[in-house]
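Summary of structural features
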Amino acid sequence: MTTAEEENWKVDCSDEENYGLTYSEMLQQWVPDPETTCNLFESYSEDNTKDCSLFTFNWICPGRKEVKQAEISGDNAGEEQKTEEKSDFDFWDEPKEANKNGAGPRRGKNFQNVQRLCRKNALLSSSIKHLSSSKAADEPYFITTPIFYVNADPHIGHVYTAVIADATARFHHLCGSSPVILSTGTDEHGLKIQQAAAKANQTPINFCNNISQLFRQAIDDSEIKYSDFIRTTDSDHRTVVENFWRTLVETGYIYEGKYEGWYCIADEMFLAEDQTKIIKLPNGQDQRVSIESNRPVEWFSEENYMFKLSKCRNDLNKWLESGPVVEPVKYYNLLKSWLDQEQPDLSVSRPSSRLDWGIPVPGDPSQTIYVWMDALLNYLTVAQRTKASTNKSVWSPVHVIGKDILKFHGIYWPAFLIAAGLQPPKALRVHGHWLVDNDKMSKTLGNVVSPHTCIDLVTATGLRYFLLHEGVPDRDGNFSFVRMVRIVNAELADGMGNLVNRCCGKSLNPLKIRPSVTLDSFHACGPLGIELLGMLERTPDTVHDYYKIMEFYKGIDQLMSLIRATNNLFQSLEPWKLKKEGQIDKFTATMAVSLETVRIVGILLQPIIPSFSQRLLDKLGVPVDERSWQYVSPVLGPSYKSSPNKNYMATVITSSIRSLKVFRKDIIK
Ligand code: MSP
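Structural notes, computed from the coordinates.

The rules we used
- Residues numbered from 1 in each chain as written.
- Predicted model: local features only at pLDDT ≥ 70, side-chain atom pairs only at ≥ 80, totals over all residues.
- Heavy atoms only, no water.
- Axes fitted to C-alpha atoms, helices over the stretch in contact; angles between N-to-C directions.
- Helix = DSSP H or I, 4+ residues; strand = E, 2+ residues; numbered from the N terminus.
- Parallel < 35°, antiparallel > 145°, perpendicular 65-115°, else oblique.
- Contact = heavy atoms within 4.5 Å.
- Nonpolar A, V, L, I, M, F, W, Y, C, P; charged D, E, K, R; others polar.
- Buried < 20%, exposed > 50% of the residue type's maximum accessible area, 1.4 Å probe, protein only.
- Phe/Tyr/Trp six-rings, centres within 6.5 Å; stacked < 30°, edge-to-face > 60°.
- Pairing = 2+ DSSP bridges.
- Near = heavy atom within 4 Å.
- Polar contact = N/O pair within 3.5 Å; in protein donor to acceptor, adjacent residues only side chain to side chain.
- Areas by Shrake-Rupley, 256 points an atom, 1.4 Å probe, with all protein chains shown as cover.
- Arc of directions from axis to C-beta.
- Salt bridge = Lys/Arg side-chain N within 4 Å of Asp/Glu carboxyl O.

Looking now at the packing of helix α5 (residues 191-199) against helix α6 (residues 204-221). Two numbers describe how α5 lies on α6: the axes approach to 9 Å, and their chain directions differ by 95 degrees. Considering their axes alone, α5 and α6 lie roughly perpendicular with respect to each other. Packed against α5, whose contacting residues are Ile193, Ala196 and Ala197, the element α6 presents Pro204, Phe207 and Cys208 at the interface. Partitioning the contact of α5 with α6 into residue classes produces 6 nonpolar, no polar and no charged.

Here we come to the side chain of Arg170. Along the polypeptide, Arg170 turns up in helix α4 (residues 156-174). Residue class for Arg170 comes out buried when judged on its relative accessible area of 18%.

We now examine the packing of aromatic side chains. Applying the stated criterion across every chain yields a total of 25 aromatic pairs. Their ring planes at 55 degrees and their centres at 6.4 Å tell us that Phe142 and Trp395 sit as a pair that is tilted. Within this pair, whereas Phe142 is found in strand β5 (residues 141-144), its partner Trp395 is found in the loop between α11 (378-390) and β19 (398-402), the two being separated by 253 residues in sequence. The exposure class assigned to Phe142 is buried, which follows from its relative accessible area of 1%. Judged by centre distance (4.6 Å) and plane angle (65 degrees), the ring pair of Tyr263 and Phe270 falls under edge-to-face. Note on Tyr263: relative accessible area 1%, which makes it buried.

Another point: the pairing of strand β12 (residues 286-290). As paired elements, strand β11 (residues 276-280) and β12 share 5 bridges and run antiparallel to each other. Opposite Thr276, over in β12, you have Ser290 as the bridge partner. Once β11 ends, the chain turns through 5 residues before running back antiparallel as β12, passing Gly284 with a positive phi of about 90 degrees.

Reading across the sheet, the 4 strands line up as β10-β9-β13-β15 and stay open at both edges, with antiparallel pairing between neighbours. Because the sheet does not close on itself, it has two edges, and the strands there are β10 (269-271) and β15 (346-347). Examined bridge by bridge, strand β9 (residues 254-264) and β10 share 3 bridges and lie antiparallel to one another. Looking at β10, one finds that Trp262 is bridged to Leu271. Along the sheet face, helix α12 (residues 406-419) touches β10, β13 (298-307) and β15 and points at about 30 degrees away from the line of β13.

Attention now goes to the site of the ligand. Close to the ligand lie 24 residues; Ile147, Asp187, Gly402, Asp404 and Trp434 are nearest. Within the backbone of Trp434, one N or O atom sits 2.8 Å away from a nitrogen atom of the ligand. Surface burial for the ligand is 93%, taken as the share of its 650 Å² of free accessible area covered by protein chains. Those elements that provide at least two residues to the shell around the ligand are β6 (148-149), α4, α10 (371-376), α11 and β19. A class-by-class count of the residues in the shell around the ligand yields 12 nonpolar, 10 polar and 2 charged.

Take helix α8 (residues 313-320) next. Leu316, Asn317, Trp319 and Leu320 are the residues of α8 that are buried. The arc that holds the buried residues of α8, viewed along the axis, is 160 degrees, so those residues lie on one side. Within α8, the exposed residues directed more than 90 degrees away from the buried face are Asn314 and Lys318. In this structure, the buried residues of α8 make contact with β14 (326-327), α9 (329-339), α12 and β20 (427-431).

To continue, consider the pairing of β5. By the alternation rule, side chains of β5 split into Tyr141 and Ile143 and Phe142 and Thr144, which are all buried. Pairing of β5 with strand β7 (residues 180-187) involves 4 bridges; the strand directions are parallel. In the sheet register, Thr144 faces β7, and the bridge partner there is Ser183.

Let us now look at the sheet that holds strand β18 (residues 364-369). The 3 strands are arranged β16-β18-β17 in an open sheet whose pairing can be described as antiparallel. Whereas interior strands pair on both sides, the edge strands pair on one side only; in this sheet they are β16 (349-351) and β17 (360-361). Relative to β18, β16 runs antiparallel, the two sharing 3 bridges. Bridging across to β18, Pro351 finds its partner in Gln367.

Attention now moves to unusual backbone geometry. The amide bond that connects Ser178 to the next residue, Pro179, takes the cis arrangement and shows omega of -5 degrees. Secondary-structure assignment places Pro179 in the loop between α4 and β7. The omega torsion across Trp395 and Ser396 is 10 degrees, close enough to zero to call that bond cis. The residue Ser396 is located in the loop between α11 and β19 in this model. A positive phi angle, close to 50 degrees, is found at Glu268, a residue other than glycine. You can see Glu268 is positioned in the loop between β9 and β10. Taking relative accessible area as the criterion, Glu268 reaches 1% and is therefore assigned buried.

Per the counting criterion, the structure on display carries 21 salt bridges. Where Glu327 meets Arg429, a salt bridge forms, and the shortest distance between an N and an O atom there is 3.5 Å. With a gap of 102 residues between them, Glu327 in strand β14 and Arg429 in strand β20 connect regions that are remote in the sequence. Relative accessible area serves as the criterion here: at 14%, Arg429 is assigned to the buried category. Three or more residues joined by partner-sharing salt bridges are found here, namely Asp228, Asp234, Asp236 and Arg385.

Read these as layout, nothing more, since geometry by itself doesn't imply function.
Below you can see the structure in the form of structure tokens.
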């Protein structure tokens, strides 16, 4: 390190009140590269005869495998002490060895200042990491769910896809993105809907109105906070589709041709011969089906407009390789393997004589635009609406999709966009499917699980918690009511609910106070308190990284470990005894650190179970503007900074206690 660099790392902590620095100055000097600064280790003087005046701090930057040093000078400048080599003990641990005088290193006033400064800085750098690493602040974030076919009622698979998108949108909002746009809606055109409406003896639009409303209800009841619910029958969407079509004609990507091949109405998908197989039906007849979905296909031979997909292969490969565009990697590999082969041109219209429930080709009403082109363009319609209302461009989007619609989003959609001169999607986040007793959900099997059955049983909180707790993006999940109730009871009602009830219960907390918490509070709780502090410092970062890649189940696991550790601390310190015995400091510390955990977990659970978290944070009296990711570090909330001795009067909202208990259902056989 050069002298100039060293200079930059010097921090004057002679002013006890504010350590001689404002927070932003501290940041500039202490966190030259917050993204790579992860751990702070401290070394201190062995000499206990003098006040320590110089401390050396080693910053370990694992990304670069490099150690940086920072020095802090205290009031006795000039009386510099030799510092120990890098220490690897925890900052708050007692020193492992006594010094040559038989005493541990002196911990004078300055030392404590430095301790506090370091601690603050370490905590601060961790919350800054969240903000900077997601590059979130004030940047728009646009995430979408697929739009749902209205040929059947909503089921938990649909809600799952929407809950993942919603949790991600809420997470980005907490990290400071703005605006955060979450779009969802219904896919209403196409042969499949036309046939379903005819079967139900309804006009297509009446049929769509009814089922679209059921989807909207299911989405609302699952606490999905969308900014736009788009229907492909909306008139502005039709204009977008028509304009887009014209653009593709102008860029020379659309031509008149003839399509001959297989078509799967249930999937609204064209298939090559080798994508189909013949199966025997129970009545002994042969039926050709799609290999991928096992659904029947029909032979079509007709005049169509074709899209030059074959021309897009290079661009698609470039897009795929431009970064972690498609995750999990298993789906990236699948797309790459598809793109290793030639892509035939794609039929993008159907004769209106066969399909009239859709958007006519501009200038040629004898043809109707292919339903997937119509449907995919919903994302562009939403972006245009957002631009009109906020004057901000949010393009391009992150799409959450199920594995069955990967080809449409990973090949056709980016190809359409590239052909029109637009930016392809920022990312595709793909998830597996929910099975029931290891079978696909289907009307025929009678195993379709309605979101409302689950919400009636365990509330929307329980359903969301279960789906995100159990859903692993690169695997299918097996749904079970028994397991859902068990998990929600064990983790939310027992783990979380009990802790909250204990901390806020009448016997221990008759005044309903959330005491102010300091680092000393954790110390006063002994080794378990120190261990908990360490966990509280590490967990937000870890959870951040998991949420960012939509591995919510791993984030939840971390939070539940915190809850278990806090319940364990509570049980071991027996605050009811401390109170009785008059050990008030220790009693208050136990309550304070437990409530601090609940505060942090409450903030971090907001993307997963928003209404539950809101009630919890209301109950703890956490101000609404102190619930973002900036406030997830223990002890360091600005309220503590501005008013360190402030006590929070928590209003106990009994309904929130009741709602925690609502999961106690007796359906477990
Ligand atoms: N309409 C198309 C999407 C057009 S997007 C431009 C469609 N609709 S769908 O209603 O069939 O499916 C919507 C989403 O729900 C898809 O992401 C699909 O993967 C997902 N799921 C459908 N069944 C599912 C499960 N059993 N489990 C998890 N997700 C499931 O496809």
